[in-house]
Protein chains: 2
Amino acid sequence: MSLRHALLGLLSEHPASGYDLLKRFETSLANVWPATQSQIYTELTRLAGTGLITVAAEGPRGRKEYALTDDGLEELRCWLAESRPQRTTRSDVLLRVFFLGVLEPGPARIFLDDLATSSYQSHEELRDLVESVDWDDDNLSVYGRIALEYGLRFHAMRREWAQWAAEQVK
Amino acid sequence: MSLRHALLGLLSEHPASGYDLLKRFETSLANVWPATQSQIYTELTRLAGTGLITVAAEGPRGRKEYALTDDGLEELRCWLAESRPQRTTRSDVLLRVFFLGVLEPGPARIFLDDLATSSYQSHEELRDLVESVDWDDDNLSVYGRIALEYGLRFHAMRREWAQWAAEQVK
DNA sequence: GTAAACATGTAACAGGTTACATGATTGT
DNA sequence: ACAATCATGTAACCTGTTACATGTTTAC
């Protein structure tokens, strides 16, 4: 259950409300770990119940500002340093490729060409994002930049692969 | 819901029992779309209920051999050609990278070094697999080879990225 | 005879999505 | 006054995981 750790991670930067966190999920975390409003509020209530976070302040409109507790920070560190990421990565794209032989070569090539195009677009979007941010030397910048670099390399790899794959289909 | 389509895809090659399909999921599909025994049997019953597959034969030990129907093939083609893969890809690894600033540079580097190592190992395993199979010219081979090539490129990319990232952390 | 492999099914639970429901504050 | 934004909560439903439960056939 990584949503829990995503929330702890965001709160380790500074206290925030459910609404603030939702906005962070919609922007910076959207491509890494999407989460819905419903899920975020439910999980925050649970985390507060187990003492990993607390309601540090209350504001207008029922706003509750959550802050990380010592236990919460410990849990976050533990997750980062001691547990191995063991994600069984499901790939919708690769599953389709696996069965592309069901289609005629024409439609199969279209699928791969589209994939190359959308990978290129994603790459360009990330490139624009990288250029629009001014990266300083703090931790958020360093690791944010590293995560973005992953995205750039991933989409470049996928584009080249899709182009190569389209050529294999005759 | 792609499990449904994975099952239709496998059955498009030839009729099979739940048990046969389970074995295919444990081997060829393990890295693309993992599924449990429980899930497979439940989904097969549902697919038979909606007429996308039928029980074509019954064998010893209660074995039920399922075959794709015309409706099932149509549904499979439709999924491949008409629907866009829109998978919101969750990455446990990238989520951790995002919050790596919570750790000291030492443990953070260890995390990235470990990632480079495990990517290298995955790459080698796939390379061995590619070399052990004799690829002929049928559809399964062509698209199976293309899917494997994706894995090779993916792990190579991730290894290089993790090595680069480790260097950024001083 | 007995272990391994074949073969299926179901129940409980955890995580994620969609939709509904409500209300307060701010800016124009 | 009205719309946009801030702000939270819950219910229904779907997908996926773990564990339990059962029985047959084959090979040694």
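Scroll up to find the structure this text is about.
Once a new chain begins, its residue numbering starts again from 1 and follows that chain's sequence as written. In the order they appear in the text, chains get letters beginning with A and ligands get numbers beginning with 1. This being a predicted model, a pLDDT of at least 70 is required before a residue's local features are given, and a value of 80 or more before pairs of side-chain atoms are given or counted; all residues contribute to the totals for chains, interfaces and linings. Remark: hydrogens and water are excluded; side-chain values derive from all non-hydrogen atoms of the structure.

**Q** I tried to follow the overall build of chain A on my own but got confused; where do I start?
**A** Assigned secondary structure in chain A consists of 7 helices and 3 strands. When its helices and strands are written in sequence order, chain A yields α-β-α-α-β-β-α-α-α-α. Whereas a compact globule of 170 residues would reach a radius of gyration of roughly 15 Å, chain A reaches 20 Å, over 25% beyond that. Each residue gets one of three labels from its accessible area relative to the maximum for its type: buried under 20%, exposed over 50%, partly exposed in between, using a 1.4 Å probe on protein chains only. Of all 170 residues assigned to chain A, the portion counted as buried reaches 44%. Values of accessible area rely on a 1.4 Å probe in the Shrake-Rupley scheme; residue burial ignores everything except the protein chains shown. About 8,700 Å² of surface is accessible on chain A, with carbon and sulfur atoms providing 50% of the total. The sign given to each residue is positive for Lys and Arg and negative for Asp and Glu; His and the chain ends receive no count. Every charge is mapped onto a representative atom, which is NZ of Lys, CZ of Arg, CG of Asp or CD of Glu. Each charge sign in chain A was given a centre, from 19 positive and 26 negative side chains, and these centres are 5 Å apart. Numbering goes from the N terminus for both helices and strands, where a helix is a DSSP run of H or I of at least four residues and a strand is a run of E of at least two. We compute the radius of gyration over the C-alpha atoms and compare it with the globule rule, which gives 2.2 Å times the number of residues raised to the power 0.38.

**Q** I keep staring at the relation of the copies chain A and chain B and nothing clicks. Help me out?
**A** Both copies of the chain are related through a single rotation about an axis accompanied by a shift along the same axis. The copies were overlaid with a least-squares fit restricted to C-alpha atoms from residues scoring a pLDDT of at least 70 in each copy. When chain A is fitted to chain B, the residual RMSD is 0.1 Å, and the transformation amounts to a turn of 180° plus an axial shift of 0.0 Å. The two molecules are tied by a two-fold rotation axis, judged by turn and shift. Residues are treated as being in contact if the distance between any of their heavy atoms lies within 4.5 Å. Of the interface residues in chain A, 100% have counterparts in chain B that sit at the interface too, so the contact is made through matching surfaces.

**Q** Honestly, the interface of chain A and chain B in this entry has me stumped. Any pointers?
**A** A common way to express how large an interface is: the accessible area buried when the components associate. Listed per partner, the contact involves 60 residues of chain A and 60 residues of chain B. Buried area is calculated as the accessible area (1.4 Å probe) missing from two parts once they are joined, with the contributions of both summed. Both faces considered, chain A and chain B share a buried interface measuring about 6,200 Å² in area, 72% of it formed by carbon and sulfur atoms. The salt bridge criterion pairs a side-chain nitrogen of Lys or Arg with a carboxyl oxygen of Asp or Glu, the two atoms within 4 Å. The tally of links between chain A and chain B comes to 2 salt bridges. Breaking the side of chain A that touches chain B down by element, the ones donating at least two residues are α1 (2-13), α4 (70-81), α5 (92-98), α6 (105-132) and α7 (139-168) of chain A. Each residue gets one of three labels, nonpolar for Ala, Val, Leu, Ile, Met, Phe, Trp, Tyr, Cys and Pro, charged for Asp, Glu, Lys and Arg, and polar for the others, Gly among them. The residue makeup of the side of chain A that touches chain B, split by class, is 33 nonpolar, 14 polar and 13 charged.

**Q** Please explain the sheet that holds strand β2 (residues 53-58) of chain A as it appears in this structure.
**A** Backbone hydrogen bonds are what pair the strands of a sheet, in a parallel or an antiparallel way. One open sheet accounts for 3 strands, arranged β1-β3-β2 (chain A); its pairing is antiparallel. Each having just a single partner strand, β1 (16-17) and β2 of chain A make up the two edges of the open sheet. By definition, two strands form a pair when at least two bridges between them are found by DSSP.

**Q** Can you help me understand a negative patch on the surface in this one?
**A** Patch members must show over 30% relative accessible area and no salt bridge, and they are joined within 9 Å when carrying like charges or within 5 Å when they are nonpolar side chains of Val, Leu, Ile, Met, Phe, Trp or Tyr. Negative charge collects at one region of the surface, where Asp 70, Asp 71, Glu 74 and Glu 82 of chain A lie side by side. With respect to the secondary-structure elements, Glu 82 of chain A resides in the loop between α4 and α5.

**Q** What am I meant to see in unusual backbone geometry here?
**A** Negative phi values dominate among residues other than glycine, just as trans dominates among peptide bonds. Residue and element names in this part refer to chain A. Phi is positive for Arg 61, close to 60°, though the residue is something other than glycine. Mapped onto the elements of the fold, Arg 61 is located in the loop between β2 and β3 (64-68). The exposed category is assigned to Arg 61, whose relative accessible area is 86%.

**Q** Can you walk me through the sheet that holds strand β2 (residues 53-58) of chain B in this structure?
**A** Residue and element names in this part refer to chain B. With antiparallel pairing, the 3 strands of this open sheet are ordered in space as β1-β3-β2. A single partner strand is all that each edge strand has here, and the edge strands are β1 (16-17) and β2. Relative to strand β3 (residues 64-68), β2 runs antiparallel, the two sharing 5 bridges. Bridge pairing links Thr 54 to Ala 67 in β3. Note on method: axes are straight lines fitted to C-alpha atoms, helices fitted across the in-contact stretch only, with angles between N-to-C directions ranging 0 to 180 degrees. Taken strand by strand, helix α1 (residues 3-13) contacts β1, β2 and β3, and its axis lies near 90° from that of β3.

**Q** Help me out: how do you make sense of the protein's contact with DNA strand C in this one?
**A** By convention in these notes, a residue is near a molecule or strand provided one of its non-hydrogen atoms lies within 4 Å of it. As a matter of local geometry, DNA strand C sits amid 20 residues, with Gln 39 of chain A together with Tyr 19, Gln 37, Tyr 41 and Lys 64 of chain B nearest to it. Restricting the count to atoms of DNA strand C within 4 Å of the protein gives a sugar and phosphate share of 69%. Taking Ser 38 of chain B, its side chain carries an N or O atom lying 3.3 Å from a base nitrogen of DNA strand C. In this structure, a sugar or linking oxygen belonging to DNA strand C sits 3.3 Å away from a side-chain N or O atom of Arg 61 of chain B. The set of elements that each furnish at least two residues to the surface near DNA strand C consists of α3 (37-49) of chain A together with α2 (18-26) and α3 (37-49) of chain B. Looking at the surface near DNA strand C element by element, the count peaks at 4 residues for α3 of chain B. N or O atoms closer than or at 3.5 Å make up a polar contact, with two conditions inside protein: a donor-capable atom paired with an acceptor-capable one, and, for residues adjacent in sequence, both atoms drawn from side chains.

**Q** I'm lost on empty space enclosed by the protein in this one. Help?
**A** A water-sized probe rolled over the atoms picks out the places where empty space is left. Cavities and pockets are defined on a 1 Å grid built over the protein atoms alone: a cavity is a set of grid points where a 1.4 Å probe fits but cannot escape, while a pocket is an open set with protein on both sides within 12 Å along at least five of seven lines, and lining residues are those with an atom within 4 Å of any such point. Grid points are joined across faces, edges and corners, and a volume is the space filled by probe spheres set on the points. Summed over all chains, the structure comprises 1 cavity of 30 Å³ or more. Its volume calculated, the largest cavity comes out at about 50 Å³. Every residue lining the largest cavity is listed: Arg 87, Thr 89 and Arg 90 of chain A together with Arg 87, Thr 89 and Arg 90 of chain B. Of the residues contributing to the lining of the largest cavity, the split by class is no nonpolar, 2 polar and 4 charged.

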